[in-house]
Amino acid sequence: MTNIFKDLRESYMNAFEGWKEQLWFIAELIIISAAVSYLIKYGGAYLPVSGTSSQALFIVLLPTVVMAIALYLRYLFHKSKR
């Protein structure tokens, strides 16, 4: 009977490690997104940008593209690690 509890505990701990890794990844995304938002809000006033629509589109899409590249590189890194 104690072996069953031991196996159950090990299984639970392994599952917890997976959740912990996923939660840390989500926390990283939130922190990075907050930092990018802060830079846009307070650093954007210092950029001498004229009001064209193409420049506005570029500025709006830039954080999304940067995050997509970062996530893709992370995916490649984890894929090659396996």
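Keep in mind it's a predicted model, so treat the numbers as computed, not measured. (Residues numbered from 1 in each chain as written. Predicted model: local features only at pLDDT ≥ 70, side-chain atom pairs only at ≥ 80, totals over all residues. Heavy atoms only, no water.)

Caption draft 1: Just the overall build of the protein, in detail. Helices and strands together make up the secondary structure of the protein, namely two helices and zero strands. In the protein, which comprises 82 residues, the proportion classed as buried is 1%. (Helix = DSSP H or I, 4+ residues; strand = E, 2+ residues; numbered from the N terminus. Buried < 20%, exposed > 50% of the residue type's maximum accessible area, 1.4 Å probe, protein only.)

Caption draft 2: Highlighting a nonpolar patch on the surface. A surface patch of nonpolar side chains, amounting to about 890 Å² of accessible area, comprises L57, V60, L61, V65, I69, Y72, L73, Y75 and L76. The residue L57 is located in helix 2 (residues 53-81) in this model. (Patch = residues over 30% accessible without salt bridge, like charges linked within 9 Å, V, L, I, M, F, W, Y side chains within 5 Å. Areas by Shrake-Rupley, 256 points an atom, 1.4 Å probe, with all protein chains shown as cover. Salt bridge = Lys/Arg side-chain N within 4 Å of Asp/Glu carboxyl O.)

Caption draft 3: Region of interest: the packing of aromatic side chains. The full count for this structure, using the stated rule, is two aromatic pairs. Ring plane angle 50° and centroid distance 4.8 Å describe the contact between Y38 and Y42, whose orientation is recorded as tilted. Of this pair, Y38 and Y42 both sit in helix 1 (residues 2-43), four residues apart, which is roughly one turn of the helix. (Phe/Tyr/Trp six-rings, centres within 6.5 Å; stacked < 30°, edge-to-face > 60°.)

Caption draft 4: Structural view of helix 2. Here helix 2 is 29 residues long and its end C-alpha atoms lie 42 Å apart, about the 42 Å a rise of 1.5 Å per residue gives. At L61, helix 2 shows its strongest bend, of approximately 35°, with the proline P63 following within four residues. (Expected span 1.5 Å × (residues − 1). Bend = angle between axes of the 7 residues up to and from the residue.)

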